[in-house]
Amino acid sequence: MAAWNMLTLVGADRPSIVAQVTHTLYQLGGNLGEASMIRLGGNFTIMLMVSGDLSTEAMLAALAPVSTALGLRVHVDPVHGELHQHQVPNFQVRVNGADRAGIVAEVTAILATQGFNILELDSDVAGDLAQPLYLMNIQGFCAAPLEALETALAPLIAQGVAVTVAPLELMIG
Amino acid sequence: MAILEILKLPDPRLKQMSEPVTQFDAALHDFIADLEATRQAGPSAVGIAAPQVDYFQRIVIVDVSGRPKTPNHGYLVLVNPEIVHWEGHAVGREGCLSVPDYTGNVIRATAIRLRAQDGDGQVHEFEMEGYEARAVQHEMDHLDGLLFVDRVVSRRTDLYRRKQG
């Protein structure tokens, strides 16, 4: 059974971050699992499952030259977890509105009351400096029916936050 | 009837092009029965294509009639299928018997007009939309050696509002 570490790296975006980090891990004998890597506000962010007989110290030491050269902040945590633990989302929640503090907290608090488990959340601020537009896209699993989610969100929608819930239909062929 | 073995990625045979069916005979009927038995034996798949069981002829089966509130044409055996017209596009999540434990978002046409033969060689035309149209497009890709993983789009693509199917 593989032991997994969750490796987190954040730094100003530039070409070759992924190549240099993964090359270093490969040379160290690490094997990569699931990952999320994305540019957020000019930073490149990496969350990466790494398995292998690697201590946290060994991984940090091996990554030090690359992280120093590329200006990356690095964090490593041993984690419980395995591959092949996917959950399939059955609902998608889309939110957009004039950007203001509290939108995410309000939407997700309501979803939590329905037992909604967030599996993926992307958000972005579009528009421009004068009129920023907040967009959020959530995929998750909830045993409650669509109507219950819509009823729970209705008060927030009445306050002017555009929230829609759509069932996600998985097609297996 | 027999339950056939399903090819799984990274088996290179899944990339192979399938040939048109020319013989509408008892052997074809037997194969279609086996293909349907194989579909039903696996995890709730709404479709299956011949190349998934190592048989490279242009045959797919689709049946979305088990889903509530889903427009459908029932159990369909589609031989030498062709999409003659398509409209719209939408992102939807797909999985595949040949790619266990993975699902991804794929863009498909929301409505298609389809021409196909049945197991006896009779030609039929179908107007399809939504889930059924998606299933047919997914299965037809197999006939050209394509899998849905060849068409998966970024999760972020879904930020753009899709047309409701």
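Relevant structure appears above.
Just so it is clear, the structure is predicted and the values come from calculations on it, not from any experiment.

Asker: What is the right way to look at the overall build of chain A in this model?
Answerer: Along the backbone of chain A there are four helices and nine strands. Listing the helices and strands of chain A from first to last along the sequence gives β-α-β-β-α-β-β-α-β-β-α-β-β. Its C-alpha radius of gyration of 20 Å places chain A more than 25% over the 16 Å reference for a compact globule of 173 residues. Each principal axis of the C-alpha distribution contributes one length, and for chain A these read about 55 × 45 × 30 Å. Per-residue burial for chain A yields a buried fraction of 20% across its 173 residues.

Asker: When you look at the sheet that holds strand β9 (residues 171-172) of chain A in this model, what are you seeing that I'm missing?
Answerer: Paired through their backbone hydrogen bonds, the strands of a sheet run either parallel or antiparallel. Pairing is mixed in the open sheet, where three strands are placed in the order β9(A)-β4(B)-β5(B). Either end of the sheet is taken by a strand with one partner, and the two such strands are β9 of chain A together with β5 (99-108) of chain B. Relative to strand β4 (residues 90-96) of chain B, β9(A) runs parallel, the two sharing two bridges. Considered in β4(B), the bridge of A:Met171 is made with B:Glu94.

Asker: So what exactly am I meant to see when it comes to the environment of B:Pro12 here?
Answerer: Residues and elements named next belong to chain B. For Pro-12, the position within the fold is in the segment before α1 (26-41). Residue Pro-12 is classed as exposed on the basis of its 9 C-beta neighbours within 10 Å. In this structure, the C-alpha to C-alpha distance between Pro-12 and Ala-109, residues 97 residues apart in sequence, is 27 Å.

Asker: Hey, could you run me through the sheet that holds strand β7 (residues 132-141) of chain A in this one?
Answerer: Residue and element names in this part refer to chain A. With respect to topology, four strands assemble into an open sheet ordered β6-β7-β5-β8, the strand pairing being antiparallel. The open sheet has two edge strands with one neighbour each: β6 (117-127) and β8 (162-167). Taking the axes of each pair of neighbouring strands and ignoring which way they run, one obtains an average angle of 15° across the sheet. Judged from the 10 bridges that link them, β6 and β7 form a sheet pairing that is antiparallel. Looking at β7, one finds that Ala-126 is bridged to Leu-133. Where helix α3 (residues 103-113) meets the sheet, it contacts β5 (91-98), β6, β7 and β8, and its direction lies at approximately 150° from that of β5. Here helix α4 (residues 146-158) sits on the sheet and contacts β5 and β8; the angle it forms with β8, its principal contact strand, is near 175°.

Here is what the cut-offs are and how they apply
- Residues numbered from 1 in each chain as written.
- Chains lettered and ligands numbered in written order.
- Predicted model: local features only at pLDDT ≥ 70, side-chain atom pairs only at ≥ 80, totals over all residues.
- Helix = DSSP H or I, 4+ residues; strand = E, 2+ residues; numbered from the N terminus.
- Rg over C-alpha atoms; globule rule 2.2 N^0.38 Å.
- Buried ≥ 20, exposed ≤ 12 C-beta atoms within 10 Å, placed from the backbone.
- Pairing = 2+ DSSP bridges.
- Axes fitted to C-alpha atoms, helices over the stretch in contact; angles between N-to-C directions.
- Contact = placed C-beta atoms within 7 Å.

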